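# Results of the structural survey
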Amino acid sequence: MALRVEQDIFLIRQRGREVAAAVGLEHQDQVRIATALSEVARDLLHAVGGADVTFRTELDTTDGRFVLWVDLTPVRPLPDGRYAPASGAVARLVDTLSAVWTRGDTVVRMSRRVPASAQALTSDRLAELRAELGRSAPGSALDELAEQNGQLIAALDEVRSQRDELAVLNAELEETNRGVMALYGQLSEELEETNRGVVALYAELDEKSAQLRAASESKSRFLANVSHELRAPVTAIIGLGRLLTDSASDPLTPEQSEQVELIRAAAADLLTLVNDLLDLAKAESGRIEPDWTDVDLRVVFGQLRGTLRALSARPEVALVVEEPPAPAIIRSDEVLLAQVLRNLLHNGLKFTERGEVRMHARRVGDRWRLAVSDTGAGIPPELQERIFEEFYQVPGSSRVGGTGLGLPYARRLVTLLGGSLELASEPGRGSTFTVDLPVDRA
Ligand code: ADP
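Structure report, in brief. Because the structure is a prediction, the values reported are computed rather than measured. Within each chain, residue numbers correspond to sequence positions counted from 1 in written order. Only residues with pLDDT of at least 70 are given local features in this predicted model, and only at 80 or more are side-chain atom pairs given and counted; all residues enter the totals for whole chains, interfaces and linings. For side-chain calculations, the full set of non-hydrogen atoms in the structure is used, while hydrogens and water are omitted.

Aromatic ring pairs are described here by two measures, namely the spacing of the ring centres and the angle between the planes. We call Phe, Tyr and Trp rings a pair once their centres come within 6.5 Å, taking the six-membered ring for Trp, and we label the pair stacked below 30 degrees between planes, edge-to-face above 60, and tilted otherwise. Within the structure shown, the criterion is met by one aromatic pair. Seen from their ring centres, Phe-388 and Phe-433 are 6.4 Å apart, and the 70° between their planes marks the pair as edge-to-face. Within this pair, whereas Phe-388 is found in the loop between β10 (367-374) and α8 (406-416), its partner Phe-433 is found in strand β12 (residues 430-438), the two being separated by 45 residues in sequence. Of the two residues, Phe-388 and Phe-433, neither departs from the other in class, the shared state being buried. Either the NZ atom of lysine or the CZ atom of arginine qualifies as a charge over a ring when it sits within 6 Å of the ring centre and within 35 degrees of the ring normal. One Lys or Arg, Arg-109, reaches over the ring of Trp-69 and ends 5.9 Å from the middle of that ring. When the ring centre of Phe-388 is taken as reference, the NZ or CZ atom of Arg-411 above it lies at 3.7 Å. Segments assigned H or I by DSSP are reported as helices when at least four residues long, segments assigned E as strands when at least two residues long, and all are numbered from the N terminus. Exposure classes here rest on a 1.4 Å probe applied to the protein chains alone. A residue is buried below 20% of its type maximum, exposed above 50%, and partly exposed in between.

What follows is the structure, given as structure tokens:
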């Protein structure tokens, strides 16, 4: 098409839209390319007095889509061979818009891609389109103006409907926001409520543990007082019993001396219990202060070996106290440590019918592990923690004597010495009590 006079701009615009429609561009794109074309045509008419317009299609082999190309070849060279549209918005209406140098001319070239859904532009189809366009007589400038008005109204309508849509969307968004805010409010209220509950719970817990502490303290005080008060009369009973059976006293009948012996034995048991209670109460109330010195485990083990050998009455049970590996020095309280180990050995001998009771010491890093193991009855798993409770004795074991206070006391002492006392036992095979202590208090 030739662009020579003002009126041609309308015709070119109209043709541009028709070609765009013919190759399958969507309605909006038809208007876009027609508008861009008329703007560039106006620019070129004013700048160089006209141009020749060519429409062309080409297949983009990378994605199989067609591209509509429009070339506007100016009738005279453009100043400096350059072109820039008067309105910057024009370039945005098409995919590409630029001045290209081709066959000795500067050509203004624009393009727009045809959607993949459009009918394929075979050579037959193109011939058909060309014939169709040839038949349609170009309308007048007024026709094109009317057409343009129609398009403008449609565009305005579209803008309005988009604005309405936007308003609806905004309203929905506001509604959602209100919902989210309400939910948020509800959640923070719930959170506050929960927090208040937790705070109250903690206060109650604090109160309960203070009550527990007070109860435990008064129990220890009670035990200490009672056992202290009991010790004097029980000691008196034992002494008086001894006096009665003394050879210097008046002779007793055999029955009487047997009864006095029973009284003495019962009083001796009572004294043991009272002493144990007093020890435990002292340990619990924190009134035992360890006397920290460098203790030689070999010495402690040697003394225990000597004193306990006398205790192991059964020939079927061997008492083995292994020599600790040198140097066997530990920072501890010798009396308390010996008390703990004696207690464990004593228990081992008490609850073992045959086999052995063995004590050994192992150095593991910066700790000493002192273990007392036996081949006795063992302790069922569910009772292994209970035997560390005051007065607890495994059912049936009270017949061999005892108070059920030895282990809780031993554990208190070991804790006081900075270590732990643990038990591993298998019923029927035996038990191992392990005292784990730091080599140095620090
Ligand atoms: P006591 O020995 O005076 O009864 P303890 O506190 O020393 O009190 O021990 C509590 C209980 O643990 C014992 O009565 C016994 O049932 C059990 N027990 C302790 N040591 C052993 C052991 N070496 N083998 C089997 N049972 C044991």
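Following the structure, the description resumes.
The rule for a salt bridge is simple: a side-chain nitrogen of Lys or Arg has to be within 4 Å of a carboxyl oxygen of Asp or Glu. Applying the stated criterion to the full structure yields 29 salt bridges. Between Arg-109 and Asp-71 there is a salt bridge; the shortest N-O distance is 2.8 Å. Pair noted here: Arg-109 is in strand β5 (residues 105-113) and Asp-71 is in strand β3 (residues 65-74), with a separation of 38 residues, a long-range link. As a salt-bridge pair, Glu-322 and Arg-358 come within 2.7 Å of each other at their nearest N and O atoms. Pair noted here: Glu-322 is in the loop between β7 (317-321) and β8 (329-332) and Arg-358 is in strand β9 (residues 355-364), with a separation of 36 residues, a long-range link. Its relative accessible area of 23% is what places Glu-322 among the partly exposed residues. Through salt bridges with shared partners, a single ionic network connects Asp-29, Arg-32, Asp-95 and Arg-112.

A few words on the sheet that holds β5. Sheet strands pair by backbone hydrogen bonding; their relative direction is either parallel or antiparallel. Paired strands, as defined in this entry, are two strands with at least two bridges between them according to DSSP. Spatially, the five strands line up as an open sheet ordered β1-β2-β3-β5-β4, and their pairing is antiparallel. Strand pairing shows two members of the sheet lacking a second neighbour, β1 (2-3) and β4 (96-102), which therefore form its edges. Judged from the six bridges that link them, β3 and β5 form a sheet pairing that is antiparallel. Within the sheet, the bridge partner assigned to Trp-69 lies in β5 and is Ser-111.

Another aspect to go through is unusual backbone geometry. Cis geometry marks the peptide bond from Ala-326 to Pro-327, where omega comes out at -5°. Topologically, Pro-327 is positioned in the loop between β7 and β8. Of note in the backbone geometry, Asp-80 takes a positive phi value of approximately 60° without being a glycine. Position of Asp-80 among the secondary structure elements: in the loop between β3 and β4. Accessibility expressed as a relative area gives 72% for Asp-80, which makes it exposed. A positive phi angle, near 70°, is found at Phe-391, a position not held by glycine.

Further remarks concern the side chain of Glu-284. Within the secondary structure layout, Glu-284 lies in helix α5 (residues 254-284). In this analysis, two residues are considered to be in contact whenever any of their non-hydrogen atoms come within 4.5 Å of each other. Ignoring any residue separated from it by four or fewer positions in sequence, one finds Glu-284 in contact with Lys-219, Ser-220, Glu-390 and Arg-412.

This brings us to helix α3 (residues 123-135). Take the residue count of a helix, subtract one, and multiply by 1.5 Å to get its expected span. In a regular helix each residue adds 1.5 Å, so 13 residues correspond to 18 Å; α3 covers 18 Å between its end C-alpha atoms and thus fits that length. Where α3 is concerned, the buried positions are Arg-125, Leu-129 and Leu-133. Projected down its long axis, α3 carries its buried residues within an arc of 70°, all on one side. When the buried face of α3 is taken as reference, the exposed residues oriented beyond 90 degrees from it are Ser-123, Asp-124, Arg-130, Gly-134 and Arg-135. Where α3 is buried, its residues contact α1 (6-23). It is the directions from the helix axis to the C-beta atoms that the arc portrays.

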